[in-house]
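Overview (structure and organization)
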Amino acid sequence: MRKPLSLIQQEERDGFWLLLPAIAVIFVITLLPVIFTFILSFTDTPLSNPSPQNFVGIKNYLGFLLSKDFWNSIWRTFYFTSVSVGLELILGLGIALLINSKPIGWQFLRASLIIPWAVPTIVNGAIWRWIYNADYGALNGLLYSLGWIDKYQAWLTKPFLAMNLVIVADVWHSVPFIALILQAALATIPFEIEEASMIDGASTWQRFLKIRLPLLRPAILVALVVRTVEAFRVFDIIYVITQGGPAFGTVTISYLTYLESFTYGRLGSGSSLSFLISAITLVLALLYIRLLYRPEALR
């Protein structure tokens, strides 16, 4: 028996009033700061007086789009994001396939993945800063004891090398996230499908390309979107390990936002830079969805 229309409308009104406190909290905590920051992005408000003032229109946005420092930081950010996320996907998929094959000790391997992922990013950065230390770092100690270097090296004094060493630290921290997502997705693939393909004579590589990879597409999409957004906004690990150096060689777009807002005291331009970051990450997420999302794979 169908409910009367008046009763349905009453339930909808009751549901709205029940949700209203949560909506208000979300508005105050999330939307209100975003709106305030958006207003700031059209001003030249200094950090010393953070109330919106001196409206300048789109001058802040145009200034960054015409700035060499902005485009250099964008290039560094894309390099960091593409290399780190690419390595994380390859290594994470390999680990997921290894765990799914259930070798000896696979349960211990799966449990141990939690350790690097559970370490806070700041702590992870401090660990790797110690590893890379020029005077007493573990990397120098290991390579020197193996005879691969004849003296301790200052690893973080070269911009390109420093960027790649930060990527190594980020990959170590984030590979478990992708590995666990893909391993969980692999566990849902019915064994009967692969068994039938084995009977038909499909090789291991063919089963991976034709069965596992297409069925893993939704999980890969989730992992890529989450990690790409996080990597594109990377700040904390760079702040701890290199603080943007040497010679601004590891200044990413988020670190440039920090410099603009809190080092140079230009809160208005820093706010506009944060919205440029949001626009770029949104485009990247939509691009991933466009390339990887296949509704038929979910049926």
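Heads up: these notes are all about the structure in this document. Just so you know, the residues in each chain are numbered from 1, in the order the chain's sequence is written. Restriction of local features to residues with pLDDT of at least 70 applies here, the model being predicted, together with a cutoff of 80 or more for giving and counting side-chain atom pairs; totals for whole chains, interfaces and linings are based on all residues. Neither water nor hydrogens contribute to the side-chain values; these are computed over all heavy atoms in the structure.

Only residues whose relative accessible area exceeds 30% and that form no salt bridge are eligible for patches; like-charged ones are grouped when within 9 Å, while nonpolar side chains (Val, Leu, Ile, Met, Phe, Trp, Tyr) are grouped when within 5 Å. Each accessible area is a Shrake-Rupley result for a 1.4 Å probe, and residues are judged covered by the shown protein chains and nothing else. Within this document, salt bridges are pairs made up of a side-chain nitrogen of Lys or Arg and a carboxyl oxygen of Asp or Glu, the two lying within 4 Å of each other. On the surface, a nonpolar cluster with roughly 800 Å² of combined accessible area is contributed by Val-25, Ile-26, Phe-27, Val-28, Ile-29, Leu-31, Leu-32, Ile-35 and Ile-39. Helix and strand definitions here come from DSSP, where helices need a minimum of 4 consecutive H or I residues and strands a minimum of 2 consecutive E residues; each element is numbered from the N-terminal end. Mapped onto the elements, Leu-32 comes out in helix α1 (residues 5–40).

Before going further, it helps to examine the nonpolar core. Ranked by internal contacts, the top residues of the largest apolar core, which has 52 residues, are Phe-70, Phe-80, Leu-182, Ile-237, Ile-241, Ile-253 and Leu-273. Secondary-structure elements contributing two or more residues to this core are α2 (59–65), α3 (68–100), α6 (121–131), α8 (159–187), α10 (204–232), α11 (236–241), α12 (253–263) and α13 (267–292). Among the elements that take part in this core, α8 stands out by supplying twelve residues, more than any other. Only buried residues count toward a nonpolar core. Its members are Ala, Val, Leu, Ile, Met, Phe, Trp, Tyr and Cys residues joined through side-chain atoms within 4.5 Å. Each residue's exposure class comes from its accessible area (1.4 Å probe, protein chains only) as a fraction of the maximum for that residue type: buried when under 20%, exposed when over 50%, partly exposed otherwise.

Note that Leu-286 resides in helix α13. Taking relative accessible area as the criterion, Leu-286 reaches 51% and is therefore assigned exposed. For the pair formed by Leu-286 and Ile-122, sequence separation is 164 residues and the distance between their alpha carbons is 29 Å.

A few words on the packing of aromatic side chains. Centre distance within 6.5 Å is the pairing criterion for rings of Phe, Tyr and Trp, where only the six-membered ring of Trp is used; planes under 30 degrees apart are then read as stacked, over 60 as edge-to-face, and the remainder as tilted. Applying the stated rule across the entire model yields 21 aromatic pairs. Seen from their ring centres, Phe-42 and Tyr-61 are 5.5 Å apart, and the 45 degrees between their planes marks the pair as tilted. Remark: Tyr-61 occurs in helix α2 and Phe-42 occurs in the loop between α1 and α2; sequence separation between them is 19 residues. Classification of Tyr-61 by relative accessible area gives buried; the value is 14%. One aromatic cluster is present, built from ring pairs that chain together Phe-38, Phe-42, Phe-55, Tyr-61 and Phe-275.

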